[in-house]
Amino acid sequence: MTDQAAAGDGSERTAQRLTTRETAERLGVKPETVYAYVSRGQLSSNRAPGGRGSTFDAAEVDALARRTGRREPASPAGELSFRTGITLIEGDRYCFRGVDATELARRHTYEEIAEWLWTGELRTGARFTAPREALAAARRTVGALPAHCGSTDRLRVAVVAAAAADPLRFDLSREAVLGSARSLIPTLVDALPAVDADGAGGVGTAVGNGVGGGGERDEAGALDEAGERDEGGGAIASAGSGLAHQLWPKLTAHPADEASLAVLDTALGLLIDHDLAASTLAARVAASARAHPYAVVSAGLGVLEGPLHGAASGLAHRMLTEVLERGGAAPVVADHLRTGRRVPGLGHRLYTGEDPRATALFALLADIPRAAPALAAARDVVTTTARHTPLHANVDMALAVLSVSSGMASEAGETVFAISRTAGWIAHALEEYGERPLRMRPIGQYTGPRPPQPLPDATGSPSQ
């Protein structure tokens, strides 16, 4: 055993030390196994102050975890559980790396929060730019889609096009992945067509032309039809003040005012991550197989398209529209219940009270006069359903208030969700790339007939 008395050189104060319990949790093993590692010389320890117990160097523990593969902590029966240091959901609040996420979204832009999640550094004024070649490829691909395609279809093909334009996409070094992320997100936004005054183009409507509604730049780098500017080096940046400003005209023809952009930017920041949601789990599985970041995002988008995940805000949008048309929530809620449909935008399995993301967005929407009718309709839905079941509004309801009050299509909330969550998927990919490859390989519980079984009989001859 290499257990040693602590040296008096101050190393305990400069290096992070873990207790036996913390070490066991980080490795995903029992405390007895930690001491087995010590006895084998795989881990060193120092006596804890007072001589009771031992402490372990955090860096050495992490290195051992990378060599041996961390075992995931036990989880409730039937539930998957994987170690992550990105989002904690606890007591009707959620935090990014220990910091209240709603406060982050109120005080910082989407790009700043994304950079902080990725790198641990808060870069004030961070902006993302789209490479010219990747954006051109994405626009051509999006423009070739049938007119009936939705925003998620467009985002999915834009990711594939951007990946094909990046010959370095297989470089999984941290800096390369960060570079891909910083260019992919604005490429996705700028590849979407803008909404014109008649409602053509944009999210949820037909693409108006072959380049996805965007213009081109002149050689001097002047603003083009899409309001973009050449920054040099093949990168294209919006003439606006951030990603929310770039995204707004893709969602609605209504002019962007400061209050509305603040709501959109806050929504982007709030939705970056929410623990291991279905799409995030898919993204991590892809990263575990060492898929490149574009493929990781594609995996997330594939799951997001499901009606129980990203499409939920669209259902809430249509419900609020009907409430406004019929003058109250009672008949709309009654129709949903009569036909066996859930009332959308209510309840969340992780919160007992109101979704904190919804709370933050409702507070900002309350300061926008044109949002008052939709906000009142949302409150009416909550009050009406509370007579039967005390459910609170979730973030899908808040996104629906934004989309309905801003003249957006019903799937605008899904678009905001997808763009925002791309940063979260990248954060999880960066974390997963540091884990043992292919660790997310569950074992199936076979329920079929036991062997040996006879060979199946032919039921007919193949067609000639």
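All values derive from a computational prediction rather than experimental measurement. (Residues numbered from 1 in each chain as written. Predicted model: local features only at pLDDT ≥ 70, side-chain atom pairs only at ≥ 80, totals over all residues. Heavy atoms only, no water.)

Enquirer: Looking at this structure, I do not really get the overall build of the protein chain. What am I missing?
Expert: The secondary structure content of the protein chain amounts to 19 helices and 9 strands. A burial count over the protein chain gives 48% of its 464 residues as buried. When contacts within the protein chain are restricted to residue pairs at least 6 apart in sequence, those whose partners lie at least 24 apart make up 71%. When the accessible area of the protein chain is evaluated, it comes to approximately 22,200 Å², of which 54% is carbon and sulfur surface. (Helix = DSSP H or I, 4+ residues; strand = E, 2+ residues; numbered from the N terminus. Buried < 20%, exposed > 50% of the residue type's maximum accessible area, 1.4 Å probe, protein only. Contact = heavy atoms within 4.5 Å. Areas by Shrake-Rupley, 256 points an atom, 1.4 Å probe, with all protein chains shown as cover.)

Enquirer: Explain the nonpolar core to me, please; I cannot follow it from the model alone.
Expert: In globular proteins that are soluble, nonpolar side chains generally tend to be buried together. Phe96, Trp118, Leu320, Phe362, Val381, Met397 and Val416 are the most contacted members of the largest nonpolar core, which totals 103 residues. In terms of residue count, helix H19 (residues 412-433) provides more of this core than any other element does, 12 residues in total. Leu320 has contacts with Ala374, Ala377, Ala378, Val381, Met397, Ala400, Val401 and Val404, leaving out every residue within four places of it along the chain. Formed by 13 residues, the second largest nonpolar core is a distinct cluster that contains Leu27, Val34, Val38 and Leu43. (Core = buried A, V, L, I, M, F, W, Y, C linked by side-chain atoms within 4.5 Å.)

Enquirer: Any chance you could explain the sheet that holds strand E4 (residues 87-90) here in plain terms?
Expert: Strand pairing in a sheet relies on backbone hydrogen bonds. The paired strands run either parallel or antiparallel. With antiparallel pairing, the 3 strands of this open sheet are ordered in space as E4-E5-E6. Two strands lie at the open edges of the sheet, namely E4 and strand E6 (99-100), each paired on one side alone. (Pairing = 2+ DSSP bridges.)

Enquirer: Whenever I open this one, the packing of aromatic side chains confuses me. Can you help?
Expert: Remark: the centre distance and the inter-plane angle together describe each pair of aromatic rings, the angle taken between the planes. Inspection of the entire model under this criterion finds 3 aromatic pairs. Taking the centre distance of 5.5 Å and the plane angle of 85 degrees together, the rings of Tyr94 and Phe96 count as edge-to-face. Just as Tyr94 is buried, Phe96 falls in that class too. The interplanar angle of 20 degrees and the centroid separation of 5.7 Å between the aromatic rings of Trp118 and Phe128 together place this pair among those described as stacked. Pair noted here: Trp118 is in helix H6 (residues 110-119) and Phe128 is in the loop between H6 and strand E7 (130-131), with a separation of 10 residues, a long-range link. Here Trp118 and Phe128 have matching classes, each one buried. (Phe/Tyr/Trp six-rings, centres within 6.5 Å; stacked < 30°, edge-to-face > 60°.)

Enquirer: Please explain the pairing of E4 as it appears in this structure.
Expert: Strand residues, when the strand is regular, have side chains that alternate between the two faces of the sheet. Every second residue of E4 is oriented toward a common face, the buried set being Thr87 and Ile89 and the non-buried set Leu88 and Glu90. Here 4 bridges tie E4 to strand E5 (residues 93-96), and the two strands are oriented antiparallel to one another. Bridge assignment links Thr87 to a residue of E5, and that residue is Phe96. The hairpin turn running from E4 into E5, its antiparallel successor, is 2 residues long, and Gly91 in that turn takes a positive phi close to 60 degrees.

Enquirer: Would you mind showing me how to read helix H12 (residues 278-288) here?
Expert: A turn of α-helix holds 3.6 residues, and therefore any two residues three or four places apart point the same way. Most of H12 is tucked away, with 8 of its 11 residues classed as buried. Among the residues making up H12, those that are buried are Ser279, Thr280, Ala282, Ala283, Arg284, Ala286, Ala287 and Ser288. In this structure, the buried side of H12 is in contact with helix H13 (293-304) and H19. Count one or two residues on from H12 and you reach Arg290, which has phi positive near 65 degrees.

Enquirer: Looking at this structure, I do not really get the sheet that holds strand E3 (residues 54-57). What am I missing?
Expert: Strand order across the open sheet formed by 3 strands is E1-E3-E2, with antiparallel pairing between neighbours. The open sheet has two edge strands, strand E1 (17-19) and strand E2 (46-47), and neither has a second partner. Relative to E3, E1 runs antiparallel, the two being bridged by 3 bridges. When the bridges of E3 are listed, Leu18 appears paired with Phe56. With respect to the sheet, helix H2 (residues 20-27) is in contact with E1 and E3, its orientation differing from that of E1 by roughly 95 degrees. (Axes fitted to C-alpha atoms, helices over the stretch in contact; angles between N-to-C directions.)

Enquirer: So what exactly am I meant to see when it comes to the packing of helix H8 (residues 151-164) against helix H9 (residues 174-191) here?
Expert: Think of two packed helices as two axes; the pair is described by the angle between the axes and how far apart they sit. At a minimum axis separation of 10 Å, H8 and H9 run at an interaxial angle of 130 degrees. The angle between H8 and H9 places the two elements in the oblique class. Where H8 crosses over H9, the handedness of that crossing is right-handed. Across from Leu155, Ala158, Val159 and Ala162 in H8, the residues of H9 making contact are Leu184, Thr187, Leu188 and Ala191. Of the residues contributing to the contact of H8 with H9, the split by class is 7 nonpolar, 1 polar and no charged. (Parallel < 35°, antiparallel > 145°, perpendicular 65-115°, else oblique. Left-handed = near helix turned anticlockwise from the far one by under 90°. Nonpolar A, V, L, I, M, F, W, Y, C, P; charged D, E, K, R; others polar.)

Enquirer: I keep staring at the confidence of the model for the protein chain and nothing clicks. Help me out?
Expert: When pLDDT drops low, the exact placement of atoms in the prediction is not to be read closely. Per-residue confidence for the protein chain gives a mean pLDDT of 86, with 83% of residues at or over 70. Below pLDDT 50 for its whole length, residues 1-13 participates in 22 contacts with residues either more than four positions away or in separate chains. Contacts of residues 205-231 to residues separated by more than four positions or lying in other chains number 64 contacts, the stretch itself having pLDDT below 50. (pLDDT = per-residue confidence, 0-100.)

Enquirer: So what exactly am I meant to see when it comes to the packing of H9 against helix H10 (residues 243-251) here?
Expert: Contact pair H9 / H10: the axes reach a minimum separation of 9 Å and the direction vectors enclose 25 degrees. Overall, the two elements H9 and H10 adopt an arrangement that is roughly parallel. Where H9 crosses over H10, the handedness of that crossing is left-handed. Between H9 and H10, the contacting residues are Ile185, Pro186, Val189 and Asp190 on the first element and Leu243, Gln246, Leu247 and Lys250 on the second. Looking at side-chain class alone, the contact of H9 with H10 contains 5 nonpolar, 1 polar and 2 charged residues.

Enquirer: In this structure, what is going on with the pattern of salt bridges? I would like to understand it.
Expert: Should their charged atoms come close, side chains of opposite charge can pair. Taken as a whole and assessed by the stated rule, the structure comprises 16 salt bridges. We note a salt bridge from Glu354 to Arg379, for which the minimum N-O separation is 3.2 Å. Of this pair, Glu354 sits in the loop between helix H15 (330-338) and helix H16 (356-365) while Arg379 is found in helix H17 (residues 372-386), placing the two residues 25 residues apart along the sequence. Taking relative accessible area as the criterion, Glu354 reaches 24% and is therefore assigned partly exposed. The partner of Glu432 in a salt bridge is Arg439, and the shortest N-O contact between them spans 2.7 Å. The exposure class of Glu432 is buried, given its relative accessible area of 0%. Because the salt bridges share partners, they merge into one network encompassing Arg284, Glu431, Glu432 and Arg439. (Salt bridge = Lys/Arg side-chain N within 4 Å of Asp/Glu carboxyl O.)

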